[in-house]
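# Descriptive structure summary
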Amino acid sequence: YLYASRRSVNLASVYDASAAELEWVVRRSETLSLGVVLDRLDLDGRDVADELAAAGLEPWDDSTPVTDDLRSSLQAAMRSRPLRDVLLAKAKARREVVIEYLRQEGVLDGNGFGVVDIGGVGSQARSLYELCTRSGSDPPRFFFVGLDAHPDPEQARVAGGGAWLEAAECYLFDQQRGRGIAPFRGLITSVQLFCAADHGTVTGYRRRGDRVEPVLKADRDDDVLAWGLPAVRETLRQFVANLVLDDELVDLGADLRGAVCGVVREFARDVVVTKNGYLKS
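Quick caveat: nothing in here was measured; it's all calculated off a predicted structure.

So, how was this worked out
- Throughout, residues of each chain are indexed from 1 in the direction in which the sequence is written.
- Residue-level local features of this predicted model are given only where pLDDT is at least 70; pairs of side-chain atoms are given and counted only at 80 or more, and the full residue set underlies all totals for whole chains, interfaces and linings.
- To get the side-chain values, all heavy atoms of the structure are used, and hydrogens and water are removed first.
- What counts as a helix is a DSSP run of H or I of at least four residues, what counts as a strand is a run of E of at least two, and both are numbered from the N terminus.
- Any residue under 20% of the maximum accessible area for its type is buried, any over 50% is exposed, and the rest in between are partly exposed; the area is computed with a 1.4 Å probe on protein chains only.
- In this analysis, two residues are considered to be in contact whenever any of their non-hydrogen atoms come within 4.5 Å of each other.
- Here the open area of atoms and residues is found with the Shrake-Rupley method and a 1.4 Å probe, where only the protein chains shown may cover a residue.
- Counted charges follow a simple rule, with Lys and Arg positive, Asp and Glu negative, and His plus the chain ends left uncounted.
- The location of each charge is read from NZ of Lys, CZ of Arg, CG of Asp or CD of Glu.
- Strands are treated as partners if at least two bridges between them are detected by DSSP.
- Patch definition: residues above 30% relative accessible area lacking any salt bridge, with like charges linked at up to 9 Å and the nonpolar side chains Val, Leu, Ile, Met, Phe, Trp and Tyr linked at up to 5 Å.
- Definition used for salt bridges: Asp or Glu carboxyl oxygen within 4 Å of a side-chain nitrogen of Lys or Arg.
- For this analysis, a ring pair means two rings from Phe, Tyr or Trp (six-membered ring only for Trp) whose centres lie within 6.5 Å, classed as stacked if their planes differ by under 30 degrees, edge-to-face if by over 60, and tilted for the remaining angles.
- Definition used: whenever NZ (Lys) or CZ (Arg) falls within 6 Å of the ring centre and also within 35 degrees of the ring normal, the charge is taken to sit over that ring.

## What about the overall build of the protein?
A count of helices and strands for the protein gives 13 helices and eight strands. Relative to its 281 residues, the protein shows a buried fraction of 37%. Sequence separation of 24 or more characterises 70% of the internal contacts of the protein that already satisfy a separation of 6 or more. Summed over all atoms, the accessible surface of the protein reaches about 16100 Å², with 50% contributed by carbon and sulfur. Across the protein, the 35 positively charged side chains and the 44 negatively charged ones have centroids separated by 2 Å.

## Some words on the sheet that holds strand β4 (residues 179-180)
Spatially, β1-β2-β3-β4 is the arrangement adopted by the four strands of the open sheet, whose pairing is mixed. Lying at the two open borders of the sheet, with one neighbouring strand each, are β1 (114-120) and β4. By the bridge criterion, two bridges tie strand β3 (residues 168-174) to β4 in an arrangement that is antiparallel. The partner of Asp174 across the bridge, within β4, is Arg179.

## Some details on a nonpolar patch on the surface
On the surface, a nonpolar cluster with roughly 520 Å² of combined accessible area is contributed by Phe239, Val240, Leu243, Leu245 and Leu252. Residue position: Leu245 is located in the loop between α12 (229-241) and α13 (257-269). Residue Leu245 is classed as exposed on the basis of its relative accessible area of 56%.

## Re the packing of aromatic side chains
Enumeration according to the criterion identifies four aromatic pairs in this entry. Measuring from centroid to centroid gives 5.7 Å for Phe142 and Phe144, while their planes differ by 15°, and the two rings are stacked. In terms of burial, Phe142 and Phe144 fall into one category: buried. Seen from the ring of Tyr15, Arg95 lies directly overhead, with NZ or CZ sitting 4.1 Å from the centre. The cationic tip of Arg265 hangs over the ring face of Phe184; the distance from NZ or CZ to the ring centre is 3.9 Å.

## With respect to the environment of Pro183
Considering the arrangement of structural elements, one finds Pro183 in the loop between β4 and α10 (187-194). Linking Pro183 and Gly146, residues 37 residues apart in sequence, is a C-alpha distance of 8.5 Å. Apart from residues no more than four positions distant in its own chain, Pro183 is found in contact with Phe173 and Gln175.

## Things to note about the side chain of Ser190
Its place among the elements puts Ser190 in helix α10. Taking relative accessible area as the criterion, Ser190 reaches 3% and is therefore assigned buried.

So this is what it looks like as structure tokens:
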């Protein structure tokens, strides 16, 4: 289990403050504010007030919504001095501890490894790929449920795939390369449900003695535990423990994707989302 998130890893892979390296920072979102952008970059608005002013970004506060015009201004500012210098210093500091954590967990020991993940747009995979290759280690292979299309066509052009994408295989869909099925309602939600963590988001890493440990937004996600995650996990454990894998009885090479999608469709059809965002059947 690798403790990682976009918040904890992506900044570490910013080496040059290029448009491709920074596309995730100001990715379009209905709730994106300037405070969120600065937090993603380990910046405090009060500490970079002069740099933001030099880029023409005033007046502002943390709740200032990131409009298209502000997004363009931020993208230009992050790639230009003086804000670029501050940003690269923050990225270097973040990278040092991330590299220590990856080395501790065996990611950089020179042995081939794979990362299994849901997928998303892939910025976290790109970051991990860059961190491995620039550290002189073999890059990982990625095994995703599916890759989503980038929500911003212009930023998709800037990000431009790359070597990390060539190292990725998708089980059900790959919207970035036009492969697989069309994602349908309930597909990714179901995978997220079955793979939910019992802790909060990974926000970073800290050194403690001779170890590096993840910093979590919360040690326990009490809401998801109360909802019933332990029962879901125990059900999955029992299923795996009793799964027949005798190759004389089961075709281990069978393509089960159609059956998987059929089951998920039936599951999603009978599920409703409650007002607090949880599923019940």
